[in-house]
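Analysis of the macromolecular model
Single-letter residue listing:
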Amino acid sequence: RLVTTWKRDIQRRVALVRPPSSRLDEGELTHLERTPVDHELAERQWDGYVAALAAEGFEVLDVAAADDLPDSVFVEDTVVIFDDLAVITSPGVESRRGEVDDVRETVASLGLRVEEISAPGTLDGGDVLKVGTTIYVGSGGRTNGEGIRQLREILVPLGYRVVGVPVKKVLHLKSAVTALPDGTVIGHKSLVEHPGIFDRFLAVPEVHGSAVVVLSHDAVLISASAPKTAALLESLGYRVVPVEVSEFEKLEGCVTCLSVRIR
Ligand code: CIR
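The paragraphs below set out a description of the structure included in this document. (Residues numbered from 1 in each chain as written. Predicted model: local features only at pLDDT ≥ 70, side-chain atom pairs only at ≥ 80, totals over all residues. Heavy atoms only, no water.)

1. Some remarks on the nonpolar core
If you look at the biggest cluster of nonpolar residues, it comprises 27 residues, and the most contacted ones within it are Leu-24, Tyr-49, Phe-74, Leu-221, Phe-248 and Val-255. Sorting the residues of this core by element identifies strand 1 (14-17), helix 2 (39-55), strand 12 (212-216), strand 13 (219-223) and strand 14 (239-243) as the ones contributing at least two each. Top element by residues in this core is helix 2. It accounts for six residues. With residues up to four places along the chain from it excluded, the contact list for Leu-221 reads Tyr-49, Ala-52, Ala-211, Val-212, Val-213, Leu-215, Val-241, Val-243 and Val-255. (Core = buried A, V, L, I, M, F, W, Y, C linked by side-chain atoms within 4.5 Å. Buried < 20%, exposed > 50% of the residue type's maximum accessible area, 1.4 Å probe, protein only. Helix = DSSP H or I, 4+ residues; strand = E, 2+ residues; numbered from the N terminus. Contact = heavy atoms within 4.5 Å.)

2. A short note on helix 3 (residues 100-109)
For helix 3, the set of buried residues is Val-100, Val-103, Thr-106 and Val-107. For helix 3, the buried positions fall inside an angular range of 125 degrees around the axis, keeping them on one side. In helix 3, the exposed residues that point more than 90 degrees away from the buried face are Glu-105 and Ser-109. In this structure, the buried residues of helix 3 make contact with strand 1, strand 2 (59-62), strand 3 (79-82), strand 4 (85-88) and strand 5 (113-116). Looking one or two residues past helix 3, Gly-111 carries a phi angle of roughly 85 degrees, positive in sign. (Arc of directions from axis to C-beta.)

3. Quick word on the site of the ligand
The environment of the ligand is made up of 14 residues, and the closest members are Glu-28, Glu-76, Asp-77, Arg-96 and Arg-142. A distance of 2.9 Å is found between a nitrogen atom of the ligand and a side-chain nitrogen or oxygen belonging to Asp-71. A distance of 2.7 Å separates an oxygen atom of the ligand from a polar atom in the side chain of Arg-142. About the coverage of the ligand: the protein hides 99% of its 350 Å² of free accessible area. Spatially, the ligand is embedded in the largest cavity. Looking at the shell around the ligand, its residues break down into four nonpolar, three polar and seven charged. (Near = heavy atom within 4 Å. Polar contact = N/O pair within 3.5 Å; in protein donor to acceptor, adjacent residues only side chain to side chain. Areas by Shrake-Rupley, 256 points an atom, 1.4 Å probe, with all protein chains shown as cover. 1 Å grid on protein atoms, 1.4 Å probe; cavity = no way out; pocket = protein on both sides within 12 Å on 5 of 7 lines; lining within 4 Å. Sits in = over half its atoms within 2 Å of the grid points. Nonpolar A, V, L, I, M, F, W, Y, C, P; charged D, E, K, R; others polar.)

4. Focus on unusual backbone geometry
Note the cis peptide between Ala-119 and Pro-120, where omega equals 5 degrees. Mapped onto the elements, Pro-120 comes out in the loop between strand 5 and strand 6 (128-131). Backbone geometry at Asp-83 places phi at a positive 55 degrees, although glycine is not the residue there. In this fold, Asp-83 is placed in the loop between strand 3 and strand 4. If you check the backbone angles, Glu-252 has positive phi at about 70 degrees while not being a glycine. Mapped onto the elements, Glu-252 comes out in the loop between helix 7 (246-249) and strand 15 (260-262).

5. Focus on the sheet that holds strand 12
Taking strand neighbours across the sheet as the criterion, the three strands line up as 12-13-14 in an open arrangement whose pairing is mixed. Two strands in the sheet have a free side with no partner beyond their single neighbour: strand 12 and strand 14. Here the strands of the sheet are splayed against their neighbours by 30 degrees on average, with no regard to which way each runs. Two elements, strand 12 and strand 13, share four bridges in a ladder whose sense is antiparallel. (Pairing = 2+ DSSP bridges. Axes fitted to C-alpha atoms, helices over the stretch in contact; angles between N-to-C directions.)

If you want it as structure tokens, here you go:
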């Protein structure tokens, strides 16, 4: 087990990102009121996010920018990676459907095998939480039962278990919960409707603290607006890398949705 972890850490690790559209402020909003987005700040925060991934040893790869697709910076929603398989999603909102085309090309150029979720199935990557071989999928916001059924058909033969989770209070499952490197699912109690569905659940003290990006077996990336959660995770033995993502949080995005990690 130790050897496997170590081997993984020295393998090629790629992070896909997509530069923000100049129309970012027209992005979809479901649960939040629209507040003005500072474009320059958003650009700087995005650069900082990319630099943080690069500093952690990720090879950062851009999907071609798409100015006419306001939400395209949230690239996580368009593809989900399972080892050498890329599942292109079927975004649950009309304005985001065009985002998948360039992403499909980019992942194919990396030599990944490509499968696809198709209509009437809908599925956003933000609804897919991987914890080992258990794949939790949020249902209700952007992802429907047919989308989950198609993902299950793809993954069960590969040895994964696909668990649907009803989601009502937030946009995506991963707006409410993510997982630590050790597999513990974390989230803020006010937003997690079914904590008992997860094998291990730990409540964190801030809403923005529920989203972490796993950097390695001992490090996570987290929003700078969740300092208490950062302290909690440090007390559990993790190195925590904070990044500013306030302009993306205004559009219901978080640290996970700005990249897709391929390891
Ligand atoms: C949307 O509503 O689709 C975007 N404004 C935000 C998407 C955030 N994605 C994510 O958390 N995975």
